[in-house]
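# Architecture and fold: a report
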Amino acid sequence: MSEVKLAAETRTEFGKGAARRIRREKKVPGVVYGHGGDPVHITLPGHELLLALRTPNVLLSLDIEGRTELAIPKAVQRDAVKGYLEHVDLLLVKRGEKVTVEVYVHTEGELAPGAYLLEHVLSTLTVEAEATNIPESVTVSIAGLEAGASIAAKDIPLPKGTTLAIDEDAVVLQVLAAQAEETTEDEVEGESAEA
């Protein structure tokens, strides 16, 4: 897992006007909370934060006025049209502390030959892992699976030190037979008239 260092500044101005001024300076307003302390309102460099958030469950090492804090993103607000970052909520973590996060489920391999469809019942898996060792994703093989086959959460191999935080029998993936389109009576009559 990658750790990204960012310089953060505390802020004392709040509200829409202050947030707009911060964003005009190519920065992002945010809040850091956790471990029973008071929330700390901060400003982060916009471009560096945007690049860091491309990594799922990134660990951020924040330099907040001389002291270093580790945090993970909890909520990210983006502009619906332009996609730029509007605000970020960060959760403080400590080395060795377990956190509950969602990781993406990737598949590898091909289904058995035939008209089969793979349904992602869950696209992410809720797991518990050490804050400094959160997996970016998990991978499961679907090679040779046929209709009716399913993969439960307990069947997905997890990295060392990572445990499931959901029901182990929850279905994550299932294979379905493709449905053939039914022909209507009008289509059948039309075809026989043409012949």
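Scope of this entry: the structure provided in the associated data block. Here the structure is a predicted model, which is why all the values come from computation and not from measurement.

## Structural notes on the sheet that holds strand S7 (residues 98–108)
In space, the four strands of this open sheet follow the order S10-S7-S9-S12, with mixed pairing throughout. Where the open sheet ends on each side, the last strands, each with one partner, are strand S10 (137–141) and strand S12 (163–164). Sheet topology note: the S7/strand S9 (residues 124–130) ladder contains seven bridges and is antiparallel. Bridging across to S9, threonine 100 finds its partner in glutamate 128.

## Considering the side chain of aspartate 79
Following the sequence through the fold, aspartate 79 ends up in the loop between strand S5 (67–78) and strand S6 (85–93). Separated by 2.6 Å, the side chain of aspartate 79 and the backbone nitrogen of lysine 82 make a polar contact. Residue contacts for aspartate 79: discarding those within four places in its chain leaves Tyr84 and Glu86.

## Side note on the environment of serine 123
Within the secondary structure, serine 123 sits in the loop between strand S8 (116–120) and S9. With relative accessibility at 45%, the residue serine 123 sits in the partly exposed group. Setting aside chain neighbours within four positions, we find serine 123 in contact with Val103, Tyr104 and Val105.

The rules behind each value
Residues numbered from 1 in each chain as written. Predicted model: local features only at pLDDT ≥ 70, side-chain atom pairs only at ≥ 80, totals over all residues. Heavy atoms only, no water. Pairing = 2+ DSSP bridges. Helix = DSSP H or I, 4+ residues; strand = E, 2+ residues; numbered from the N terminus. Polar contact = N/O pair within 3.5 Å; in protein donor to acceptor, adjacent residues only side chain to side chain. Contact = heavy atoms within 4.5 Å. Buried < 20%, exposed > 50% of the residue type's maximum accessible area, 1.4 Å probe, protein only.

Any functional reading would require information beyond the geometric quantities listed.
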